[in-house]
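# Coordinate inspection notes
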Amino acid sequence: MVLTIAFRAPSRTELSAELNLHERCFGTVPSAVVEAIIRDFAAYHSNLPTCDQRELYRYEASGEERVLAVDFEEVIAIITED
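Only a predicted model underlies this, so the values are computations on that prediction, with no experimental measurement involved. (Residues numbered from 1 in each chain as written. Predicted model: local features only at pLDDT ≥ 70, side-chain atom pairs only at ≥ 80, totals over all residues. Heavy atoms only, no water.)

Scanning the protein for helices and strands turns up 1 helix and 5 strands. Going from N to C terminus, the protein has its helices and strands arranged as β-β-α-β-β-β. Expressed as a percentage of its 82 residues, the buried residues of the protein come to 30%. Long-range contacts, defined as pairs at least 24 residues apart, comprise 51% of the intrachain contacts of the protein with a sequence gap of at least 6. (Helix = DSSP H or I, 4+ residues; strand = E, 2+ residues; numbered from the N terminus. Buried < 20%, exposed > 50% of the residue type's maximum accessible area, 1.4 Å probe, protein only. Contact = heavy atoms within 4.5 Å.)

Right, let's get into helix 1 (residues 31–45). Here helix 1 contains 15 residues, and its C-alpha end-to-end distance of 21 Å stays within 8% of the 21 Å for a straight helix at 1.5 Å per residue. Those residues of helix 1 that sit buried are Val-33, Val-34, Ala-36, Ile-37, Asp-40, Phe-41, Ala-43 and Tyr-44. (Expected span 1.5 Å × (residues − 1).)

Across a regular strand the side chains alternate sides, sitting on one face of the sheet and then on the other. Here strand 3 (residues 54–61) pairs with strand 4 (residues 64–71) via 8 bridges, running antiparallel. Within strand 4, the residue paired with Glu-55 across the bridge is Val-70. Here strand 3 folds back onto strand 4, and the loop between the two strands holds 2 residues, one of which, Ser-62, carries a positive phi near 55°. (Pairing = 2+ DSSP bridges.)

Summed over all chains, the structure comprises 2 salt bridges. Taking the shortest distance from any N to any O, the salt bridge between Asp-71 and Arg-54 comes out at 3.4 Å. With a gap of 17 residues between them, Asp-71 in strand 4 and Arg-54 in strand 3 connect regions that are remote in the sequence. The exposure class of Asp-71 is buried, given its relative accessible area of 16%. (Salt bridge = Lys/Arg side-chain N within 4 Å of Asp/Glu carboxyl O.)

With that settled, consider the packing of aromatic side chains. Under the criterion given, the structure shown has 2 aromatic pairs. Judged by centre distance (6.3 Å) and plane angle (45°), the rings of Phe-41 and Phe-72 are tilted. Of this pair, Phe-41 sits in helix 1 while Phe-72 sits in the loop between strand 4 and strand 5 (75–81), and the two are 31 residues apart along the sequence. For Phe-41, a relative accessible area of 18% corresponds to the buried category. (Phe/Tyr/Trp six-rings, centres within 6.5 Å; stacked < 30°, edge-to-face > 60°.)

Before going further, it helps to spend a moment on the sheet that holds strand 1 (residues 2–8). Pairing is antiparallel across the open sheet formed by 3 strands, whose spatial order is 2-1-5. Either end of the sheet is taken by a strand with one partner, and the two such strands are strand 2 (21–28) and strand 5. Neighbour to neighbour, the strand axes of the sheet diverge by 15° on average, direction disregarded. Pairing of strand 1 with strand 2 involves 7 bridges; the strand directions are antiparallel. (Axes fitted to C-alpha atoms, helices over the stretch in contact; angles between N-to-C directions.)

Purely spatial values, then, with no claim about function.
Listed below in structure tokens is the structure:
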């Protein structure tokens, strides 16, 4: 599953909110990892105590371990493609 995360980075200057919007495409990520990210994103923004603001997700791609760090305070959208 192709994963793209849209986020608003913290501003160090007085830039407008629109200028701080970014997208990052992580390429193909295992479906189970994408589903966990989506579930944790929903839990965090529902103020459930089961999810921390920052989470690490680990998976293997091309024989190498990948670590994806997500700060749910900054994430505004999760976009997936099959």
